[in-house]
Amino acid sequence: MADIGVGQSDSLARAAATDVVVFDVLKVRPIDGGEVATCRVFGRAIRAERGKRFKPRQSVRLTVPCAVQGSGASDATPKWVDREALVRSAHGRAFLGGDGGLIAYELYDLN
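Residues numbered from 1 in each chain as written. Predicted model: local features only at pLDDT ≥ 70, side-chain atom pairs only at ≥ 80, totals over all residues. Heavy atoms only, no water.

A. Summary view of the overall build of the protein chain. A tally of helices and strands in the protein chain yields two helices and seven strands. In the protein chain, the succession of helices and strands from N to C terminus is β-α-β-β-β-β-α-β-β. The burial tally for the protein chain puts 42% of its 111 residues in the buried class. (Helix = DSSP H or I, 4+ residues; strand = E, 2+ residues; numbered from the N terminus. Buried < 20%, exposed > 50% of the residue type's maximum accessible area, 1.4 Å probe, protein only.)

Dropping the structure here:
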């Protein structure tokens, strides 16, 4: 499992999230071309664990910090998700703030 926390410790970030959604990852597209980039994650909601922003089967679109393994970005803020693992992931869990901005991200079920 890989996590990112954006600007706060992970546990505080998760506690502060107004919306938490679990979703099927349908597509991942790097936006920037460098080793450290931003990835657009497209998915379909499975369930909302917190909040009312998402309903089952609703489209999910997120911007997630991502980087190539070994790029030296591991100490960067915001923390990044390994790009190759993100592309292979089948499901994600996103923790979102009141403005809809990403606070933390988990990926799992790597193929």
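Here the narrative resumes, following the displayed structure.
B. Region of interest: the pattern of salt bridges. Applying the stated criterion across every chain yields a total of four salt bridges. Two residues, Glu-49 and Arg-93, come together in a salt bridge whose shortest N-O distance is 3.0 Å. Taken as a pair, Glu-49 in strand 3 (residues 36-50) and Arg-93 in strand 6 (residues 89-96) lie far apart in primary sequence, 44 residues in all. A relative accessible area of 17% means that Arg-93 is categorised as buried. For Arg-93, the salt bridge identified is with Glu-106, shortest N-O distance 2.6 Å. Taken together, the residues Arg-93 in strand 6 and Glu-106 in strand 7 (residues 102-110) connect sequence positions 13 residues apart. If you follow the salt bridges from partner to partner, you end up with Arg-47, Glu-49, Arg-93 and Glu-106 in one network. (Salt bridge = Lys/Arg side-chain N within 4 Å of Asp/Glu carboxyl O.)

C. Examining the pairing of strand 2 (residues 19-30) more closely. Bridge count between strand 2 and strand 6: six bridges; the pairing is antiparallel. Directly across from Phe-23, in strand 6, lies its bridge partner Gly-92. (Pairing = 2+ DSSP bridges.)

D. Main features of unusual backbone geometry. For Arg-57, which is not a glycine, the phi torsion comes out positive at approximately 75°. Inspection of the secondary structure puts Arg-57 in the loop between strand 3 and strand 4 (59-67). When its relative accessible area of 64% is taken as the criterion, Arg-57 is described as exposed.

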